[in-house]
Amino acid sequence: MSETIISADVVASHNAARKTDLERDYASLGERLDRRGIAIDAIRDKVEKFGVAIPSWGVGTGGTRFARFPGAGEPRDIFDKIEDCAVISQLTQATPTVSLHIPWDKADPNRLKQAASRFGLGFDAMNSNTFSDARDQKLSYKFGSLSHADAGTRRQAVEHNLECIEIGKTLGSKALTVWIGDGSNFPGQVNFAKAFERYLDAMREIYAGLPEDWRLFTEHKMYEPAFYSTVVQDWGTNYIIARELGDKAFCLVDLGHHAPNVNIEMIVSRLIQFGKLGGFHFNDSKYGDDDLDAGSIDPYRLFLVFNELVDAELSGVRGFNPAHMLDQSHNVTDPIESLMLSAVEVQRAYAQALLVDRKALEGYQDANDALMATQTLKIAYRTDVEPILAMARLRTGGAVDPVAAYREVGYRAKVAAERPAVVGGGGGIV
Ligand SMILES: [Mn+2]
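As the structure is a prediction and not an experimental result, all values here were calculated from the model.

1. Focus: the overall build of the protein
Inference 1: A tally of helices and strands in the protein yields 16 helices and 11 strands.
Inference 2: Relative to a compact globule of 430 residues, whose C-alpha radius of gyration would be 22 Å, the protein shows 22 Å and is just as compact.
Inference 3: The buried share among the 430 residues of the protein stands at 45%.
Inference 4: Within the protein, contacts between residues separated by at least 24 positions form 79% of all contacts whose residues are at least 6 apart in sequence.

2. Regarding the pairing of strand S5 (residues 175-178)
Sheet faces and side chains relate simply in a regular strand, where the side chains alternate between the two faces.
Inference 1: Residues Ala175 and Thr177 point to one face of S5 and Leu176 and Val178 to the other, with burial holding for every one of them.
Inference 2: Sheet topology note: the strand S4 (residues 126-127)/S5 ladder contains 2 bridges and is parallel. Residue pairing across strands places Asn127 opposite Thr177, the latter belonging to S5.
Inference 3: Running through helix H6 (residues 151-171), the crossover from S4 to the neighbouring parallel element S5 is right-handed.
Inference 4: As defined by bridge partners, S5 adjoins strand S7 (residues 215-219) across 4 bridges and the pair is classed as parallel. Looking across to S7, one finds that Ala175 is bridged to Arg215.

3. Looking at the packing of helix H7 (residues 192-208) against helix H8 (residues 235-245)
Inference 1: Between H7 and H8, the shortest axis-to-axis distance is 10 Å and the interhelical angle comes to 50°. Taken as axis vectors, H7 and H8 run oblique relative to one another. At the point where H7 passes H8, the crossing takes the right-handed sense. Mapping the contact onto sequence places Leu200, Met203, Arg204 and Tyr207 in H7 and Ile241, Glu244 and Leu245 in H8.
Inference 2: Residues that form the contact of H7 with H8 fall into these classes: 5 nonpolar, no polar and 2 charged.

4. Quick look at the pairing of strand S9 (residues 249-254)
Inference 1: In terms of residue burial, S9 counts as a mostly covered element, since 6 of its 6 residues are buried.
Inference 2: Both faces of S9 are covered, namely the face carrying Ala249, Cys251 and Val253 and the face carrying Phe250, Leu252 and Asp254.
Inference 3: Across 4 bridges, the pairing between S7 and S9 is parallel. Its bridge partner being in S9, Thr218 is matched across the sheet by Cys251.
Inference 4: Bridge count between S9 and strand S10 (residues 277-282): 4 bridges; the pairing is parallel. Along S10, the bridge assignment pairs Leu252 with Gly279.
Inference 5: As a crossover connection, the stretch from S9 through helix H9 (residues 264-273) into S10 is right-handed.

5. Looking at the nonpolar core
Inference 1: With 104 residues, the main nonpolar core has Ala353 and Ile388 as its most contacted residues.
Inference 2: Sort the elements by how many residues they give to this core and helix H11 (residues 335-354) lands first, with 11 residues.
Inference 3: Once residues within four sequence positions are removed from consideration, Ile388 is found in contact with Leu29, Ile40, Ile43, Arg44, Val47 and Ala351.

6. Some points on unusual backbone geometry
Inference 1: Residue Pro103 is reached from Ile102 by a cis peptide bond, and omega for that bond is 15°.
Inference 2: If you trace the backbone, Pro103 turns up in the loop between strand S2 (97-99) and helix H5 (109-117).
Inference 3: Note that the residue after Glu224, namely Pro225, is joined by a cis bond; omega there is 5°.
Inference 4: Relative to the helices and strands, Pro225 is located in the loop between S7 and strand S8 (229-230).
Inference 5: Not every positive phi belongs to a glycine, and Glu224 is a case in point at roughly 80°.
Inference 6: Even without being a glycine, Asp291 presents a positive backbone phi close to 55°.
Inference 7: For Asp291, the position within the fold is in the loop between S10 and helix H10 (299-314).
Inference 8: Among the residues examined, Asp291 registers 24 C-beta atoms within 10 Å and is labelled buried.

7. Considering the confidence of the model for the protein
Inference 1: Summarising the model, the protein shows a mean pLDDT of 96, and 98% of its residues fall at 70 or more.
Inference 2: Scored below 50 in pLDDT, residues 425-430 shows 17 contacts in the model against residues more than four places distant or in partner chains.

8. Comments concerning the packing of H6 against H7
Inference 1: Look at H6 against H7: their axes get within 9 Å of each other, and the N-to-C directions meet at 35°. The element H6 and its partner H7 pack so that their crossing is right-handed. Counted together, Arg154, Ala157, Val158, Asn161 and Leu162 of H6 and Arg198, Ala202, Glu205 and Ile206 of H7 form the full contact between these two elements.
Inference 2: A per-class count over the contact of H6 with H7 returns 5 nonpolar, 1 polar and 3 charged.

What counts, and where the lines are drawn
All residue numbers refer to positions counted from 1 along the written sequence of the respective chain. Residue-level local features of this predicted model are given only where pLDDT is at least 70; pairs of side-chain atoms are given and counted only at 80 or more, and the full residue set underlies all totals for whole chains, interfaces and linings. Comment: elements are numbered from the N terminus, with helices defined as DSSP H or I runs of at least four residues and strands as E runs of at least two. Throughout, the radius of gyration refers to the C-alpha atoms, and the reference size of a globule is 2.2 Å times the residue count to the power 0.38. Partly exposed residues are those whose C-beta has more than 12 but fewer than 20 other C-beta atoms within 10 Å; with 20 or more the residue is buried, with 12 or fewer it is exposed, and the C-beta atoms are placed from the backbone. What counts as a contact here is a pair of residues whose C-beta atoms, placed from the backbone, lie within 7 Å. Strands are labelled as partners when DSSP assigns at least two bridges between them. Here, the term right-handed applies to a crossover whose path from the first strand over the helix to the second runs clockwise when the strands point away from the viewer. Only the contacting stretch of a helix is used when fitting its axis, a line to C-alpha atoms as for every element, and angles between N-to-C directions run 0 to 180 degrees. Working rule for angles: under 35 degrees goes down as roughly parallel, over 145 as roughly antiparallel, 65 to 115 as roughly perpendicular, anything else as oblique. Here a crossing is called left-handed whenever its near helix is offset anticlockwise from the far helix by less than a right angle, and right-handed whenever the offset is clockwise. Under the scheme applied, nonpolar residues are Ala, Val, Leu, Ile, Met, Phe, Trp, Tyr, Cys and Pro; charged residues are Asp, Glu, Lys and Arg; polar residues are all the others, including Gly. Here, a nonpolar core means buried Ala, Val, Leu, Ile, Met, Phe, Trp, Tyr and Cys residues linked by C-beta atoms lying within 7 Å of one another. The pLDDT value tells you how sure the predictor is about a given residue, anywhere from 0 up to 100.

This is how it looks when you write it as structure tokens:
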């Protein structure tokens, strides 16, 4: 039995006060879903098994290019971060794993493993960092890393990624995510083809260092930190990379890494169809890579992404096993509260997508009935699945209302007293 940060008795009494109402709401929704031929318990079971990883950097307060306003009781190191992740996991029962970022989270891997397993947490994908310079680093990444014009700098970046794999092996991770900031700020600054060729060569070396049962994820991003061109700019480039590298290479889709209004759900469908969808970095955006909370701006888009995922899941696409992670920057909220709600939002989109009447949808598509086809999606999306999500939490030891429970126990005030405020702190990029 793993330890919990918040006493199980406190969570139990929080739930006891809400149980009767929840059971009524669940029964009422169950009756309405039954009329649509849907067994509510089957949806709840799937929700209970659905997990999304928490990025270690998400539990600290983020920032912008302008400033960072630190919050109270911020984690001082990776061990504090793991404790915050344990709180999120305990109250939501939706976040069983943590995704580490090296070198930010560098520590003795055995100690890390111990710290996480104490709370029943596992490790998701390892994230390398060649978009900023670590302390005492020999060569700078100011002008790129894996695509750098200088062979020595590329070698250093490759070595760093191989080191991330080594650390991950001890932790029980099964994937490496490579996101690079490489690109250019001025037309003519780099030769597009040569830079991409250097990148591919470097990635081939990293790929060769992957254990047999690992996956390699690459993440495209349209702009930032480079503002004229980026080496891994779009999903097409990302797909080329995965194809060039081999069967263990997949594309990661970060919802914020596209131009506004891009049809992300269609990109997801394409990647699934050609066996290259690796997983997601969930967040939301209004203008660019805003890294806002998942589902906070456009929950319908999140639903439409999950509509594609559930379609693939139900049609048994071979090798379909996307890795789900949140990737957000919390500037004005308590990161723990934001991450709890975001994990629930991702679950919500999944549950709603499970309610789509796929047989009816196919019929409307074949009959060119655009109106009824889109209504079929809307009927699922409009269904308030909160009782299903709350019941899943209740049954697995989470809190019926995670944010309310978190506020009741005063966790933030407690850690604020224990963790001295960090002075300064630069912009928080994730
Ligand atoms: Mn990301």
